[in-house]
Amino acid sequence: MADVDQGSVPPPDASVPIPGLSPDAELNGTDVLNATAAKFVATPEGTALAYGSLLFMALLPIFFGALRSVTCSKSKVLGEGGSDSGYRNSSDMPETITGRDAARFPIIASCTLFGLYLFFKVFSQEYINLLLSMYFFVLGILALAHTLSPLMAKVFPASIPIKQYQLLFTQGSGEAKEEVVNYEFDTKDLVCLVIGGVVGVWYVLKKHWVANNLFGLAFALNGVELLHLNNVCTGCILLGGLFVYDVFWVFGTNVMVTVARSFEAPIKLVFPQDLLERGMDASNFAMLGLGDIVIPGIFIALLLRFDISLKKNSRTYFYASFLAYIFGLGLTIFIMHTFKHAQPALLYLVPACIGFPVLVALIKGEVTEMFRYEETPPEEEEEGSKDEAPETEKKDQ
């Protein structure tokens, strides 16, 4: 984590160094902790408030995203359109990360990060960020609408009739017609989209930190909910690969820091350290990249689903990994302030989030069960059920 004066960053030779937490680009999936010189020196109270708020905000999408991932993995309710997948929209379907995906992810992320670095070096930063703003404007509205949907279903007045809508865009004709976009929604979803649209316009016009955080929390929660690791080994591969990736790009080059400073998008959570002095107009922010929430978060969500699979009415591994995340993030802050040097957050989060649950499994004698636990992607379950149906009918006959 870190302190960064977003409004005005002085030249590198400034005489007052302030350790800073700069967000990394969303596609690389990690956070950069970099030392930044700032004109505003935060008070101890302001620093504590900013860091405490960031930690609290980071825990929200992990906790609720993990709970929603359980519901998501069990959801087989057909939408009004009666889709075969069991999900009304493909965006509601969890994406399963396999071992091969996990092994390739750090390489793909590195290429993406370096590509963005070259783009910012060659092209105008203003135009690139304009395109990114439009891209995240659309994604943010959809993510926020999906986040608010369960809450809206509970508070929506029963007296208002629920109507179904469908946004369909196809290409070709006749038998060659293919769906490009098929988005189904109802009146409740429409209200959520309107709310998301208001926040989106607010963010695009003002770039206000509250609007940024609303989108950031929605992105993080959706990531934890919909990105599913298929087993613990895959989680260890993913976290281990990004551990090396994070350390290399932070300590080995200035690529990540350059991209982080140039990249303007709601891919981080921010909280002002000068809130007590300047109120809502505060401009000196501590930041936390979404990658340091989502990547450990999907591993913590996997352990919650593993807890449920044990059918022991306990959430031992979930709480152990959740506390490990708090410990790892707290240790990151402590190390950064003690040594006054840039620190990659995954350097501390990965050992904590993997080590704590494994230690608990060793104590309980459930290491074998943990590493044998396997999740089947929803689409494979659907195909399996279809294949088994004819055989079952033959046996009945």
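All values reported here derive from a predicted model rather than from experimental measurement.

1. A look at a nonpolar patch on the surface
Together, Tyr165, Leu190, Val194 and Val198 give the surface a local cluster of nonpolar side chains, amounting to about 340 Å² of exposed area. Sorting elements by how many residues they give to the nonpolar patch places helix α4 (residues 187-206) first, with 3 residues. One can find Tyr165 in strand β5 (residues 164-171).

2. Points about the pattern of salt bridges
Applying the stated criterion to the full structure yields 7 salt bridges. For Lys364, the salt bridge identified is with Glu366, shortest N-O distance 3.9 Å. Since its relative accessible area comes to 36%, Lys364 is described here as partly exposed. One salt-bridge network, in which partners are shared between bridges, spans Lys312, Lys364 and Glu366.

3. Notes on the nonpolar core
With 81 residues, the main nonpolar core has Val259, Phe263, Ile293 and Tyr325 as its most contacted residues. Of all the elements, helix α9 (residues 291-310) adds the most residues to this core, at 11 residues. Once residues lying within four places of it in the same chain are set aside, the contact partners of Ile293 are Ala58, Pro61, Ile62, Ala220, Val224, Leu269, Leu288 and Tyr325. Residues Ala145, Phe156, Cys192 and Leu193 belong to the second largest nonpolar core, which totals 7 residues.

4. Regarding the side chain of Asn230
With respect to the helices and strands, the residue Asn230 is situated in the loop between β7 (227-229) and α6 (232-252). By relative accessible area, which is 8% here, Asn230 ends up buried. At 3.5 Å, the side chain of Asn230 and the side chain of Glu374 are in polar contact. Contact partners of Asn230, with chain neighbours within four places excluded, come to Thr96, Ile97, Thr98, Gly99, Tyr373, Glu374 and Glu375.

Scoring rules and cut-offs
- Numbering of residues starts from 1 in each chain and follows the order in which that chain's sequence is written.
- Local features in this predicted model are restricted to residues whose pLDDT is 70 or higher, and side-chain atom pairs enter the listing and the counts only when it is 80 or higher, whereas totals over whole chains, interfaces and linings include all residues.
- Note: side-chain values were computed over all heavy atoms of the structure, leaving out hydrogens and water.
- Residues enter patches when they are more than 30% accessible in relative terms and free of salt bridges; like-charged ones are connected within 9 Å and nonpolar ones (Val, Leu, Ile, Met, Phe, Trp, Tyr) within 5 Å.
- To measure how exposed things are, a 1.4 Å probe is used in the Shrake-Rupley method; for residues, cover is taken only from the protein chains shown.
- Salt-bridge detection follows one rule: a side-chain nitrogen of Lys or Arg within 4 Å of a carboxyl oxygen of Asp or Glu.
- The helix count covers DSSP runs of H or I at least four residues long, the strand count covers runs of E at least two residues long, and both are numbered beginning at the N terminus.
- Each residue is placed in one exposure class: buried if its accessible area under a 1.4 Å probe, protein chains only, is under 20% of its type's maximum, exposed if it is over 50%, and partly exposed if it falls in between.
- Residues belong to one nonpolar core when they are buried, are Ala, Val, Leu, Ile, Met, Phe, Trp, Tyr or Cys, and are joined through side-chain atoms within 4.5 Å.
- The contact definition used throughout considers only heavy atoms, calling two residues in contact when any of these lie within 4.5 Å.
- Any N or O atom pair separated by 3.5 Å or less is treated as a polar contact, with the protein-specific requirement of one donor-capable and one acceptor-capable atom, and with residues adjacent in sequence counted only for side-chain atom pairs.

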